[in-house]
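Coordinate analysis (summary)
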Amino acid sequence: ESSTETPLLVLSNGTEIKLSDDISSVEVVKGQDAVLVNSDSLVQNLPVRQTKNDQITLNEVSVPYGKKTTLTLEDGTKVWLNAGSHFAFPQRFEKGNREVFLEGEAYFEVTKKPDQPFIVSTRNIDVKVFGTKFNLSAYPTDNFCETVLLEGSVSVQTKGNLINDKTMLAPNQKARFLSDKNELTHSAAPDAEMYIAWINGWYQFSNESFAGVMAKLERYYNVKFSYDQALDSKAFPVSGKLNLTESLAETMTVLSKVAKVDFQIGGTEVIVKERK
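This section reports on the structure supplied with the text. (Residues numbered from 1 in each chain as written. Predicted model: local features only at pLDDT ≥ 70, side-chain atom pairs only at ≥ 80, totals over all residues. Heavy atoms only, no water.)

Another aspect to go through is the pattern of salt bridges. Scanning all chains against the criterion turns up eleven salt bridges. One salt bridge connects Arg176 with Glu146, and the closest N-O pair in it is separated by 2.6 Å. Residue Arg176 is located in strand E19 (residues 173–178), and its partner Glu146 is located in strand E16 (residues 144–151); the two are separated by 30 residues in the primary sequence. On the accessibility criterion, Arg176 (27% relative accessible area) is partly exposed. Its relative accessible area of 9% is what places Glu146 among the buried residues. Here the salt bridges do not stand alone but share partners, grouping Glu146, Lys174 and Arg176 into one network. (Salt bridge = Lys/Arg side-chain N within 4 Å of Asp/Glu carboxyl O. Helix = DSSP H or I, 4+ residues; strand = E, 2+ residues; numbered from the N terminus. Buried < 20%, exposed > 50% of the residue type's maximum accessible area, 1.4 Å probe, protein only.)

This brings us to the packing of aromatic side chains. Under the defined criterion, the tally for this structure stands at ten aromatic pairs. Grouped by ring-pair contacts, the aromatic residues Phe87, Phe89, Phe93, Phe108, Phe118 and Phe134 constitute a single cluster. Between the NZ or CZ atom of Arg176 and the centre of the ring of Phe144, over which it lies, the distance is 3.9 Å. The ring of Phe236 has Lys260 sitting right over it, with the charged end atom 5.3 Å from the ring centre. (Phe/Tyr/Trp six-rings, centres within 6.5 Å; stacked < 30°, edge-to-face > 60°. Lys NZ or Arg CZ within 6 Å of the ring centre and 35° of its normal.)

Mapped onto the elements, Glu74 comes out in the loop between strand E9 (68–72) and strand E10 (78–81). A polar contact of 3.1 Å, which involves the side chain of Glu74, links it to the backbone nitrogen of Phe93. (Polar contact = N/O pair within 3.5 Å; in protein donor to acceptor, adjacent residues only side chain to side chain.)

Viewed as axis vectors pointing N to C, helix H1 (residues 210–221) and helix H3 (residues 248–259) meet at an angle of 175 degrees, and their least axial separation amounts to 12 Å. With respect to their mutual orientation, H1 and H3 come out roughly antiparallel. Between H1, through Phe210, Val213, Met214, Leu217 and Tyr221, and H3, the contact on the second element is made entirely by Leu248, Thr251, Leu255 and Ala259. Looking at the contact of H1 with H3 residue by residue, the class counts come to eight nonpolar, one polar and no charged. (Axes fitted to C-alpha atoms, helices over the stretch in contact; angles between N-to-C directions. Parallel < 35°, antiparallel > 145°, perpendicular 65-115°, else oblique. Contact = heavy atoms within 4.5 Å. Nonpolar A, V, L, I, M, F, W, Y, C, P; charged D, E, K, R; others polar.)

Laid out in C-alpha cells, this is it:
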C-alpha cells in the first residue's frame, strides 16, 4: 500500500469520498439521511435497498496503512478504526440487530439499546454487544482475532464450524480466536486499557513477541520490515510504551534498545538484524 493513499468512504449510493486528514472523521447524521465528513461537509445519502432481500446496502470505509479514522454511527455508537482496516455499516439501523462488519482493528463505544443487540461481524468471529466499550482486532494477515473488554459485557462466538464456540466476557477479560488451531480462548486482561492506547497515539506492550510488535508498526507507519525469522525467538520480548507521534526512526531507536536489535531504514523498507 502506498503512503499517499487516503482513507476512502464509499456510500451505499455509490458516492466515493476521500478522507484527506491523517485522522479523519465520519458522522452519520441521525434522521437526515446524510453523513458529515471531518465535521464540515454534509453529504446526502438516501438508504439504498437491495431488492432481493430488502436489506439496506452498507456504507464502507477503507483505512490504508499509516492512517486512522473515527466514526459516529446513527445510534451514537463511536468507532475508532486503526490503520489497514475496512468497516461496513448501514446509514440507519432498522429493526432487529444493529450489525456492522470489520476487517482490521477497531475500538467501539456502543450505545446501549437492550432491545436491539449490536453485532460486529468478522471473518472468524461475531461479537455480540450489550452496551459497552471494547477493542477488536481481526486483521486478515494475523492468525488470530482478539476481543478485549473494558466495560459492559460481550459474547464472542466463532462462525463457520459445525459446532461454534461461544464465550462471555466481563470487563478486563479478553477472548482470542486462533485461526490456525481453530480454537477460542478466554483469559484475564487486567491491563485492558493498554489495548486501546493506539487511539491516543501510543502502542503499549507487555511481553509482546518481536514479530507481534513488527506487524503493528508495519501497519501504523506503512512500511515493510525484513528480518530473519530466527530473530523472533532471539529478540527480547517487548514491554513498555512507544509514542507513535514520533518518526519511524525515533520509534525504531527506542525499540532497538529494548529488543536488542539493529535496524536500517531504506525508504519504506526496514531491515532488522540481531545485535552482535
